[in-house]
Amino acid sequence: MLHNSCSLLHTCTSRRHVRRWFLPMDNITIARLLDETAALLEIDAADPFRIRSYRRAAEAVEQQTTQLVTLAEDPKQLLAIAGIGKGMASNIVDIVNTGTLPLREELLTRYKPSMLELLRLPGMGPKTVALIWSALQVADIDALEEAAKAGHLNKLPRMGEKFTTKLLKGIEDYRKNSSRFRVDHAHEHAERISALIREFPGIDEITPAGSLRRGRETVGDLDLLVTGPACEPNVVAAAVEHVANLPLIDKLLARGQNKVSFTLRNQLQVDVRLLPRASYGAALQYFTGSKMHNVALRQRAIKRGLTLNEYALLRVEDNTIVAAETEEAIYRALDLDYIPPELRENGGELEAAAAHTLPQLITLTDIRGDLHMHTVETDGSNTIREMAEAAADRGLKYIAITDHSKNLAMTNGMDDKRALAHIRRIREIDAEMNGRIRILAGVEVDILGEGELDLSDETLAEMDVVVASVHSRFDQPIEQMTERILRAMENPNVDILGHPTGRKVLKRDPYALHIDTVLKRAAELGVAVEHNASPARSDLTDLHLRLAREHGCRIAVNTDAHSTGELDQIRFGITQLRRAWLTAPDVLNTLPTAEALLAQLRR
Ligand code: DGT
Ligand code: CA
Ligand code: CA
Ligand code: ZN
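Residues numbered from 1 in each chain as written. Chains lettered and ligands numbered in written order. Predicted model: local features only at pLDDT ≥ 70, side-chain atom pairs only at ≥ 80, totals over all residues. Heavy atoms only, no water.

Student: Got a sec to walk through the nonpolar core? Specific residues and values, please.
Tutor: Counting 62 residues, the largest nonpolar core has Ile399, Ile439 and Val529 as the members making the most contacts within it. It is helix H20 (residues 384-393) that contributes the most residues to this core, 6 residues altogether. Those residues in contact with Val529 that sit more than four places away from it in its chain are Leu497, Pro500, Leu519, Ala522, Leu540, Ala548, Cys553, Arg554, Ile555 and Ala556. Counting residues in each nonpolar core, the second largest holds 53 residues, with Ala38, Ala46, Leu121 and Trp133 among its members. (Core = buried A, V, L, I, M, F, W, Y, C linked by side-chain atoms within 4.5 Å. Buried < 20%, exposed > 50% of the residue type's maximum accessible area, 1.4 Å probe, protein only. Helix = DSSP H or I, 4+ residues; strand = E, 2+ residues; numbered from the N terminus. Contact = heavy atoms within 4.5 Å.)

Rendered as structure tokens:
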């Protein structure tokens, strides 16, 4: 790396000047080099703590608002940054001075950075990646796909035909998914970017539009709309300049009069638009979409002699503005009730808004309880009391503690004896809470391969709430999986079917299942179906949820929290319920008290 710059270095011996020859050493580049080192360490099967320290440092560097190049003159200032210790500070000084760090250079003599991507494929751990590299010189996804198709992998140990088939499917999925981002991650980025934009004086409001505002579970890119005095046409150039120079920008893609597009280090694209207050509502309406909703809305405008664009709703005959400053005014002028963003998919919302029959959508404040969460007894990070306190702090009136059963060995799942002891502990803590919140004794019992439950009926009968879930053998044929779940629900102790499809957003497809059959039977039996609010699961799609309601299923929205912080993920679940047109009465855990809930549960 140094050799390219040698001719320049020869003309200048001062360390301070050397630095200049590596000009673009901005924070993003430093972060990328640290992250890349972490990836190479991972392939090298290094100590996980060491890997993590590089990852954490990369994140810390990326979050800095001052350029580290200036701090590196005095390494003590680097130590003041959380997540950066002595060793890491000296790494950063190395990067600033030489454009790389010795460890990375050493690892690069053995591995390639593109191998990092291979780790994201199913069955590809660090050892396999290293082996494929040494045996076949394969270091990236395209080459791997080629090698798999040519049957070259089959010759390597433990990589038979089954492995190859699974891998090729994994590559296909990865290509399909890697261009989209999970909603919670998109939210984090939106907040981080908004905070930086807000540092510019004269910014009043920043609203994420597009699929994020509509609450889709994944987003393709981020659309941020900005308004305030600094966005008025005569002064907007300075604000655009500020946005185009945000420290977290990886690549600047486009920069117009009032628009900046860029990508972040993780390849997420961000479109920022700075708009005068007078047309903010029209822009918000336009860029929230969806495209299909907007098409239908424009047709409605045309029928009324109006025209709708991203600047205003105008009268065609004389071009006068009818509405532009707020979305509400635009919908009103089209004789429509205000349509919440989650419904804007052209799925009947215009007709309902015209007929004043839009549902009163469920909101976060309607939720009174959470019926699925874990503690340190199995794979959670907090105690029963900590979960209860945190839930009470969030205004909940009741929760169910539902730790795992023994079949899920990697979570230290409970056998009957432990499950019964756990009930007693839950009841003790419940008594100590003095009515601040009611803690129900529950369990998340595994549905075994043929639909048997993992704990005895006697144990289950002692519980207030039984959630039954599939955690294994996801590859069963569709008939078998359907039978398995139907059989589990026949057990009269089952109150709730937990995460009914087993999917993980952008990671794992749902298992093969006749979901319609399952929902119908659940409704007949009085088993509630869970919408898992965790944005990683978001188990039932908006279509499933609509179907569930049509069949008369009771629906529970639960966080499946494994720590107190995850209780906040309920909001992502609510968004999906809203997208499915659900109202508070459709949802079990909006019932006001534990008693009301227990009366409504199946048993
Ligand atoms: P995404 O980013 O793939 O998750 O989905 P969206 O809905 O955020 O789509 P995006 O980012 O391409 O555009 C944001 C919104 O802007 C979109 O929902 C509607 C509006 N929009 C963008 N381009 C067009 C267009 O060519 N025609 C119409 N009618 N609307 C558009
Ligand atoms: Ca978008
Ligand atoms: Ca966009
Ligand atoms: Zn589970």
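Student: Provide a residue-level description of the sheet that holds strand E12 (residues 398-404), including the pertinent values.
Tutor: A sheet is described by the order of its strands in space; here 7 strands give the open sequence E11-E12-E13-E14-E15-E16-E17, paired in parallel fashion. Every other strand in the sheet has two partners, leaving strand E11 (369-370) and strand E17 (555-558) as the edge strands with one partner each. For strand E14 (residues 465-469) and strand E15 (residues 496-497), the ladder comprises 2 bridges, and the chain directions are parallel. Within E15, the residue paired with Ala468 across the bridge is Leu497. (Pairing = 2+ DSSP bridges.)

Student: Run through the pattern of salt bridges, naming residues and quoting values.
Tutor: Enumeration over the complete set of coordinates arrives at 44 salt bridges. For Glu106, the salt bridge goes to Arg110, with nearest N and O atoms at 2.9 Å. Of the charged contacts, one joins Arg549 and Asp586 as a salt bridge, the two residues approaching to 3.1 Å between their closest N and O atoms. Of this pair, Arg549 sits in helix H25 (residues 542-550) while Asp586 sits in the loop between helix H26 (570-579) and helix H27 (594-600), placing them 37 residues apart in sequence. Salt bridges sharing partners connect three or more residues here, namely Asp35, Glu42, Arg55, Glu62, Arg192 and Arg265. (Salt bridge = Lys/Arg side-chain N within 4 Å of Asp/Glu carboxyl O.)

Student: Explain the packing of helix H4 (residues 48-63) against helix H7 (residues 86-98) residue by residue, including any values.
Tutor: How two helices sit against one another is set out by the angle between their axes and by the gap between those axes. Look at H4 against H7: their axes get within 11 Å of each other, and the N-to-C directions meet at 60°. When the axes of H4 and H7 are compared, the pair comes out oblique. Relative to H7, H4 is oriented so that their crossing is right-handed. Facing H4, whose interface residues are Ser53, Tyr54, Ala57 and Val61, H7 presents Met88, Asn91 and Ile92. Looking at the contact of H4 with H7 residue by residue, the classes come out as 5 nonpolar, 2 polar and no charged. (Axes fitted to C-alpha atoms, helices over the stretch in contact; angles between N-to-C directions. Parallel < 35°, antiparallel > 145°, perpendicular 65-115°, else oblique. Left-handed = near helix turned anticlockwise from the far one by under 90°. Nonpolar A, V, L, I, M, F, W, Y, C, P; charged D, E, K, R; others polar.)

Student: Would you mind going over the domain arrangement of the chain in detail, with residue names and values included?
Tutor: Size of an interface, as often reported, equals the accessible area lost when the parts are brought together. We note that the domain assignment places domain 1 (2-110), domain 2 (181-275), domain 3 (282-354) and domain 4 (364-600) within the chain. Relative to domain 4, the C-alpha centre of domain 1 lies at a distance of 45 Å. (Domains from an automatic or database assignment.)

Student: So what's going on with the packing of aromatic side chains? Residues and values would help.
Tutor: Tallying each qualifying case throughout the model produces 3 aromatic pairs. Here Tyr286 and Phe287 contribute two aromatic rings whose centre-to-centre distance is 4.8 Å and whose plane-to-plane angle is 80°, an arrangement assigned as edge-to-face. Arranged with centres 5.9 Å apart and planes meeting at 85°, the rings of Tyr331 and Tyr338 form a pair that is edge-to-face. The positively charged end of Arg273 is found above the aromatic ring belonging to Phe287, 3.8 Å away from the centroid. Over the aromatic face of Phe474 sits the side chain of Arg508, whose NZ or CZ is 4.2 Å from the ring centroid. (Phe/Tyr/Trp six-rings, centres within 6.5 Å; stacked < 30°, edge-to-face > 60°. Lys NZ or Arg CZ within 6 Å of the ring centre and 35° of its normal.)

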